[in-house]
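Fold and geometry: a report
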Amino acid sequence: KEKKLVHKSQHTSKEEKGIANMYCLYNQGEEQKAFQQARVFLKSPNSERTIACSNLLLAYYFNKRAVIDSSLYYTRQALKFNTTVNDSLKNRLYTLSYNLLAINYKKKGLLQESKKWHIKGIQASQKYKETNLFYTHTHGLARIYSDLGDYEKALKLFKTCLAYKEDSEIILGSYINMGDIY
């Protein structure tokens, strides 16, 4: 199952349609077009929400290309401009950003920093009932514990992930990682 970046919004303003189109391009493999569109949004006078979403897309773009410092920069920018009044949309962007920070810090070998962001992501996703992001962060945290050699905590979290039937990738990954521990 291929993971997609999902932009959730109830609004249909011109800016929101532009954001949705940008994420659609990214998810359909037209990442360069999405990248260009995000850059245009950042150079234009737009709402802080549009700026935050554009920065987050750029963070994912650079993460995928292993340009970690750029990904971290754009993730921090997304958090800085995430001031929308809609709590669930604001929280979703925070939770996605926390996951990206955790992934990037793990790639840099900063496991404690990665762990911190996964924990924040778990807390945020629980608060707003973002189930898929809760399990994404839980699985990521389990992998960090495994990398740190804390196999007891890792196993507990991998077993928690087995309850999430919506994403076979998380379930399969949990079984594989549990097998590696045993």
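Along every chain, residues carry numbers that run from 1 in the direction the sequence is written. This being a predicted model, a pLDDT of at least 70 is required before a residue's local features are given, and a value of 80 or more before pairs of side-chain atoms are given or counted; all residues contribute to the totals for chains, interfaces and linings. Side-chain numbers come from the whole structure's heavy atoms, not from hydrogens or water.

Stacked, tilted and edge-to-face are the three classes applied to pairs of Phe, Tyr and Trp rings, where Trp contributes its six-membered ring and a pair requires centres within 6.5 Å; stacked means planes under 30 degrees apart, edge-to-face means over 60, and tilted covers the rest. Under the criterion given, the structure shown has 9 aromatic pairs. Through a chain of ring-to-ring contacts, three or more aromatic side chains come together here, namely F35, Y61, F62, Y73 and Y74. Note on criteria: charge over ring means Lys NZ or Arg CZ within 6 Å of the ring centre, with the direction from the centre no more than 35 degrees off the ring normal. The residue whose ring lies beneath R65 is Y61, and the NZ or CZ to ring-centre distance is 3.7 Å.

Another aspect to go through is the nonpolar core. Note that soluble globular proteins tend to have their nonpolar side chains buried in a common cluster. Counting residues in each nonpolar core, the largest one holds 26 residues, and the members touching the most others are M22, Y23, L56 and L57. Residue contacts follow a heavy-atom distance rule, with two residues in contact if any of their heavy atoms lie within 4.5 Å. Ignoring any residue separated from it by four or fewer positions in sequence, one finds L56 in contact with Y23, Y74, A78, L93, L96, S97 and L100. Nonpolar core, defined: a set of buried Ala, Val, Leu, Ile, Met, Phe, Trp, Tyr and Cys residues in which side-chain atoms within 4.5 Å join the residues together. Summary of the burial criterion: residues with accessible area below 20% of their type's maximum are buried, those above 50% are exposed, and those between are partly exposed, where the area comes from a 1.4 Å probe applied to protein chains only. With 17 residues, the next largest nonpolar core counts I122, F134, A154 and I171 among its residues.

Between Lys or Arg on one side and Asp or Glu on the other, a salt bridge is scored when a side-chain nitrogen of the former is within 4 Å of a carboxyl oxygen of the latter. With the rule as written, the count across this model stands at 9 salt bridges. One salt bridge in this structure joins E31 and K64, with 2.3 Å as the shortest N-O distance. Within this pair, whereas E31 is found in helix α2 (residues 31-43), its partner K64 is found in helix α3 (residues 48-64), the two being separated by 33 residues in sequence. Here E31 ties to R65 by a salt bridge, and the two come within 2.8 Å at their closest N and O atoms. Of this pair, E31 sits in helix α2 while R65 sits in the loop between α3 and α4 (68-80), and the two are 34 residues apart along the sequence. Look at E31 and you get buried, because its relative accessible area is 11%. Beyond isolated ion pairs, a larger network of salt bridges with shared partners links E31, K64 and R65. In DSSP terms, a helix is any run of H or I states spanning at least four residues, a strand is any run of E spanning at least two, and both are numbered starting from the N terminus.

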